[in-house]
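# Analysis of the macromolecular model
One letter stands for each residue in the lines below.
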Amino acid sequence: MSPTPVTYTSPTGPVAYSWEATDEEVAARYGLDPSTVVRFDLNTSPTPPALVEGLLAAGRFEAPLSEYPPTDYRRLVEAAAARYEVSPAEILVGAGADEILDVVGKTFIPAGGRAVVPTPTYAMYRVLTEQRGATVVTVPRLGAAAGWALDRDAVRTAARDASVVWLCSPNNPTALAEPDGTIRDLLVGLAADAAAAGRPAPIVVLDEAYAEFVGTTLIPLTDEHPNLIVVRTASKAYALAGLRVGFAVARPEVIARLNPYRPPGSVSTVSITLVTEALRHPTILEANLARVERERTRLGDTLRAIGWTVGPSVTNFLLVDFGSAERAATVADGLLAAGLVPRSFGADHPLADHLRLTIRDPHENDRLITAATALEKETST
């Protein structure tokens, strides 16, 4: 059983995302009580915002639960447009960012086409490209010493015959944003290359799932670059992953091209109501962002003090380098035995010697520190 997701190609089926082991599966494997399992692998938040309880108790939703939600998600679209400072015509709603990414793939990646993926990054970009019958063109990132930045010139070269360029900033799983100006300069270069060749520029998908943790966005670049689609989510900083709500932010003409591929009613009326109110709340992010910043510093410093090589992070997770895939696997197994689920990577992954760890509540992070300390003592004796 793989406790955390990898991508794979089956000889008899389509490329797919391998699901995380459930709490019950982890508990059964290690002889644990499922209620003691803590997910350090999913980059979610421990608790939802306080307003959720009141809204659920009131029971007043966008539509009766016996009915489908409004087909245009109008109130949610308006709330997202206000939050992201664009017009409603520049917003598309999906069942999480993953549905948005899927709609983008269906709209812009033809069978036999090509899409550029700077690696390492979020596994779904490869999956969605290959499910379209297209070729993934991987471009290695510059490495830890360069902050895992994308190789802008190499991406630009690879994109000359591509339909889509998949970007993520801050990047998952490397925990850092692209250097200032990198994506803007890439967009300018892609536009210049396309103009010189007499062809359209490729669609550039910028996944900003973790943007709230850095407090900046490149959404304004859509004004200058009609080929840019920015993806946002309520899952991470808003702590509403279970509601499955995401957004595409792009020029109206791009949203119009995406809209025919949007499934009908894929976002529930409960999700619409709660996320609409969350987006409208002026200070809803403050407590969660403060927790992440505080605990990220404490957890990172403590793990470094016991001997782990913890990379810098601007997100709600840490990336830890163990020097070898064998050592990373040993630590992962030790953490799992303690009921703590890390994000591990497959043997052929460029981060096979790393683990990714979500920033959780203090008492949960303390459990991780205790387990990590015990593992270090075991290996040093």
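Our subject is the structure that appears above.
My aim in this report is to walk through the structure given alongside it, one point at a time. (Residues numbered from 1 in each chain as written. Predicted model: local features only at pLDDT ≥ 70, side-chain atom pairs only at ≥ 80, totals over all residues. Heavy atoms only, no water.)

## With respect to the sheet that holds strand E14 (residues 354-358)
To keep it simple, the criterion reads: When DSSP finds two or more bridges between two strands, those strands count as paired. Counting from the N terminus, the helices are DSSP H or I runs at least four residues long and the strands are E runs at least two residues long.
One open sheet accounts for 3 strands, arranged E11-E12-E14; its pairing is antiparallel. This sheet does not close on itself; its edge strands, each paired only once, are strand E11 (309-310) and E14.

## Focus on the nonpolar core
Rules: By convention a nonpolar core is built from buried Ala, Val, Leu, Ile, Met, Phe, Trp, Tyr and Cys residues, the set being connected through side-chain atoms within 4.5 Å. Partly exposed describes any residue whose relative accessible area lies between the buried limit of under 20% and the exposed limit of over 50%, with all areas from a 1.4 Å probe on protein chains only and scaled to the type maximum. Should any heavy atoms of two residues lie within 4.5 Å, those residues are counted as being in contact.
Of all hydrophobic cores here, the largest spans 55 residues; its most connected members are Leu76, Tyr84, Ile91, Val116, Phe247, Val275 and Leu279. Excluding residues within four positions of it along the chain, Phe247 makes contact with Leu76, Ala80, Tyr84, Ile91, Leu92, Val93, Ile100, Val230, Val231, Arg232, Val275 and Leu279. One finds Leu101, Val136, Cys168 and Leu258 within the second-largest nonpolar core, a separate group that totals 30 residues.

## So, the pattern of salt bridges
For the record, the criterion: Any carboxyl oxygen of Asp or Glu that lies within 4 Å of a side-chain nitrogen of Lys or Arg is treated as forming a salt bridge with it.
One pass over the structure, following the stated rule, counts 22 salt bridges. A salt bridge links Asp23 to Arg39; the shortest N-O distance between them is 2.9 Å. One end of the pair, Asp23, is in helix H1 (residues 23-30); the other, Arg39, is in strand E3 (residues 38-39), and 16 residues separate them in sequence. Given the relative accessible area of 11%, Arg39 is considered buried. As a salt-bridge pair, Arg156 and Asp193 come within 2.7 Å of each other at their nearest N and O atoms. One end of the pair, Arg156, is in helix H6 (residues 152-158); the other, Asp193, is in helix H7 (residues 182-197), and 37 residues separate them in sequence. For Asp193, a relative accessible area of 13% puts it in the buried group. What you see here is one network of salt bridges that share partners, running through Glu62, Arg75, Glu277 and Arg280.

## Quick word on the packing of helix H2 (residues 51-58) against helix H9 (residues 269-280)
Basically, it comes down to this: Angular values range over 0 to 180 degrees, each being the angle between N-to-C directions of two axes fitted as lines to C-alpha atoms, with helices fitted over their stretch in contact. Oblique is the label for any angle not under 35 degrees, not over 145, and not in the 65 to 115 range, which are roughly parallel, roughly antiparallel and roughly perpendicular in turn. Definitions for this section: a left-handed crossing has its near helix turned counterclockwise from the far helix by less than a right angle. A right-handed crossing has that turn clockwise. Residues are sorted three ways: Asp, Glu, Lys and Arg are charged, Ala, Val, Leu, Ile, Met, Phe, Trp, Tyr, Cys and Pro are nonpolar, and all the rest, Gly among them, are polar.
Two elements in contact, H2 and H9, have axes separated by 10 Å at closest approach and are oriented at 140°. Classified by the interaxial angle, the pair formed by H2 and H9 is oblique. As for the relative orientation of H2 and H9, their crossing is right-handed in sense. Between H2 and H9, the residues in contact are Leu51, Val52, Leu55 and Leu56 and Val270, Leu274, Glu277 and Ala278, respectively. Residues belonging to the contact of H2 with H9 are distributed by class as follows: 7 nonpolar, no polar and 1 charged.

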